[in-house]
Every structure is written in structure tokens, then in C-alpha cells.
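These are the residues of each chain, in order.
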Amino acid sequence: MEPDTALRKAAQILADARRIVAFTGAGISTESGIPDFRSDSGIWNKYDPNDFLFQKFIAFHKNRKLYWERSKEFYEPILKAQPNAGHKALVRLEQMEKLDCVVTQNIDGLHQRAGHGEGRVIELHGTVATASCLKCGKQWPAADIRKRIVEEAPGVSDGVPYCSEPDPDGPEGMCGGPIKTDTISFGQSMPEKETAEAFARARNADCCLVVGSSLVVQPACFIPVEAKDRGASLIIVNREPTPMDAMADVVIHGSAGESLNRMLDYVLS
Ligand code: NAD
């Protein structure tokens, strides 16, 4: 299909829809300067994903050290990032009273900062905004933990933060549990409430609009499948082909910001 024909067809689907579930991945945030994971310049071309398995984080100090080192490199662009034209286009869809919700695999908080209403963004893979002790559950703003690492404050060992909450039975009277950002690593359980909510919204959707996802991370990638199986139209906007292109009603191989805004301009024309 010619690119402009595909954009017009997608616009027609959006024009007819009333309960759109947008399903987003790292690709919607690359235009904000945050690298994705699987493009040529993505993070997994630099690191081995196996080193970041949750089970290894739990078991080995060396993997926790690698996690917090990579985290510094990965989170710096996130801290500087601003919502881009793609994030704002989804807010426009909400203002047009067509968007039910955004289900995002992203952890950068940019959808919320773009201006969606309360409860409209479901974070499937957590957030970089907070960090928690995996032993006692105490939670902090992640910025406080990063500051603690830089200052090598109590509880920090070799660049790795451990919980310093009082615990008479713990090492040196502290809890001592490993601290991790509240993001979901490979091998870690998905958040139950958000996952159930996302699948329920997908079942109720009349259109699923996928933006910037390689659609290979499970079980998140089954959300568009669930929507399609229940009768929703499926639109995929991604720079590269995905394994689910064949089941989509329209596939647009282009940049998220430009494609979404051109689609919305057609809807309004
Ligand atoms: P992914 O890296 O597997 O795939 C991103 C896809 O987006 C690629 O297919 C790429 O071609 C496409 N893409 C990149 N820039 C684009 C653009 N400007 N316009 C359109 N398409 C573009 O990402 P994923 O599917 O989200 O899965 C990876 C996991 O990575 C997720 O669980 C997520 O938590 C995590 N992640 C999040 C962020 C973030 O929060 N910004 C960044 C990196 C990774």
C-alpha cells in the first residue's frame, strides 16, 4: 500500500473509532532522545540482555553493579527528555474523545507528562521514577537513590544501593535488601493489576493503535492480539516491520511523530 493511502486508511479507522487503546513501546520515545532496545543504535547492541535477568540481579552483587552502571547511562537521557510530537498526538486523540487509554511498555513517564488525564496511562513495565527494596518493600524517589550512590552514603556498597532501613536482625542493624528501580526486568513478574487492566481494556477496544514497538516482548505483545481477536481494528506504526504486521488492518512504516500527526490531520480534514 502507498504510504499516503495507508495513512488515509488508518485515519478512516480512527475517525470511526470510539474506544481506541494505544499500545506504545520504546520507539515512540526515540524522538525525545531516549534510545530504544532493539534498533541498530539500541541498548541491546551494547549490553547482553542475559546479564540483566531478574534472577541474576537477586543472586549476584556483580549483576546488581552492572544494573546500576547501565542504569546511570540509560536514565540520563530519560531525565532530560521532553514529550515529543508522537506523545502529544495521543493526547490529541484523547481530546477528540476517541482514546480509551494508553497501554505503554515504556518506563519514562513521557505519556503522563504530555498531558493525559488521570488514569489514562497504564504502565505495564513500571517506571524509572521510583526505586524499592526487594526485601522489605520500602520505596523512594529513584533520584534519592541515585544521589545516595554518588555520595556513597550509608547502605551503598561498591556503587550498589542496599536498604538502610533499621532492622535489628539485619546486617549492621539495617535491612540490607537490594534496591532496584521499579521497572520490570526480564524474568520478573508483571504487575498484576496493570496487566489485568490492560488486557481488559484491549478486549473492550474498537481499535488498537500500536506505536513504536518491536512487538516481541511477552506477554505485553499479546495485548494487540487480544484486541484484534475481539474484533478491534489494528493499526501498526513502526519504523521497521514487526512479526504482527500480517494481522494488521493497516501498517505504516514511518516515524511515530510524523505518522500520527498526519493521520490526525486527515481525521480532522
Ligand atoms: P524495542 O526497542 O524492542 O522496539 C522499538 C521499535 O520501535 C523498533 O522496532 C524500532 O524500529 C521502532 N522505532 C524506533 N524509533 C521509532 C520512531 N521514531 N518511530 C517509529 N518507530 C520507531 O521496544 P519495545 O517493543 O518497547 O520493547 C522493549 C522494552 O524496552 C519495553 O519493555 C520497554 O520497557 C523497554 N524500553 C523502554 C524505553 C523507554 O521507556 N523510553 C526505552 C528503551 C526500552
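Look up: the structure comes first, before these words.
Quantities reported herein were computed from a predicted structural model and do not represent experimental measurements.

This part covers the side chain of histidine 111. Mapping histidine 111 onto the fold places it in helix α5 (residues 110-114). Among the residues examined, histidine 111 registers a relative accessible area of 1% and is labelled buried. A polar side-chain atom of histidine 111 sits 2.8 Å from a polar atom in the side chain of threonine 24. Not counting residues within four places of it along the chain, the set of residues in contact with histidine 111 comprises Thr24, Ile28, His87, Leu90, Val102, Thr104, His116 and Val121.

A word on the nonpolar core. Residues Leu14, Leu209, Ile235, Leu260 and Met263 are the most contacted members of the largest nonpolar core, which totals 28 residues. Breaking this core down by element, the ones donating at least two residues are α1 (3-16), β1 (20-24), α4 (85-95), β2 (99-104), β9 (207-211), β10 (233-237), β11 (250-252) and α9 (256-268). For leucine 260, the residues in contact, after removing those within four places along its chain, are Ile28, Gly86, Ala89, Leu90, Leu209, Val211 and Val237. One finds Trp44, Val128, Ile149 and Tyr162 within the second-largest nonpolar core, a separate group that totals 26 residues.

Tallied over the entire structure, the rule returns 13 salt bridges. Its salt-bridge partner being lysine 65, residue aspartate 158 comes within 3.4 Å of it at the nearest N-O pair. Of this pair, aspartate 158 sits in the loop between β6 (156-157) and β7 (160-161) while lysine 65 sits in helix α3 (residues 61-80), and the two are 93 residues apart along the sequence. Taking the relative accessible area as the measure of exposure, aspartate 158 reaches 44% and is therefore partly exposed. In this structure, arginine 203 and glutamate 226 form a salt bridge, with 2.8 Å as the shortest nitrogen-oxygen distance. Taken together, the residues span a long stretch of sequence, with arginine 203 in helix α7 (residues 192-204) and glutamate 226 in helix α8 (residues 222-229) at a distance of 23 residues. By sharing partners, the salt bridges in this structure join Asp4, Arg8, Glu258 and Arg262 into a single network.

Below, the discussion takes up the packing of α7 against α8. Taken N-terminus to C-terminus, the directions of α7 and α8 make an angle of 30°; their axes are 7 Å apart at the nearest point. The angle between α7 and α8 falls in the class roughly parallel. As α7 runs across α8, the sense of the crossing is right-handed. Taking contact as the criterion, the partners of Ala198, Phe199, Ala202 and Arg203 in α7 are, on α8, Phe222, Ile223, Glu226 and Ala227.

Near the ligand lie 28 residues; those nearest to it are Glu31, Arg38, Gln105, His125 and Ser214. One of the backbone N or O atoms of glutamine 105 is found 2.4 Å from an oxygen atom in the ligand. Contact between the ligand and aspartate 108: a nitrogen atom at 2.7 Å from a side-chain N or O atom of the residue. In the complex, 97% of the free accessible area of the ligand, which totals 860 Å², lies under the protein chains. Taken together, the residues that form the shell around the ligand break down as 8 nonpolar, 14 polar and 6 charged.

Criteria and cut-off values
Residues numbered from 1 in each chain as written. Predicted model: local features only at pLDDT ≥ 70, side-chain atom pairs only at ≥ 80, totals over all residues. Heavy atoms only, no water. Helix = DSSP H or I, 4+ residues; strand = E, 2+ residues; numbered from the N terminus. Buried < 20%, exposed > 50% of the residue type's maximum accessible area, 1.4 Å probe, protein only. Polar contact = N/O pair within 3.5 Å; in protein donor to acceptor, adjacent residues only side chain to side chain. Contact = heavy atoms within 4.5 Å. Core = buried A, V, L, I, M, F, W, Y, C linked by side-chain atoms within 4.5 Å. Salt bridge = Lys/Arg side-chain N within 4 Å of Asp/Glu carboxyl O. Axes fitted to C-alpha atoms, helices over the stretch in contact; angles between N-to-C directions. Parallel < 35°, antiparallel > 145°, perpendicular 65-115°, else oblique. Left-handed = near helix turned anticlockwise from the far one by under 90°. Near = heavy atom within 4 Å. Areas by Shrake-Rupley, 256 points an atom, 1.4 Å probe, with all protein chains shown as cover. Nonpolar A, V, L, I, M, F, W, Y, C, P; charged D, E, K, R; others polar.

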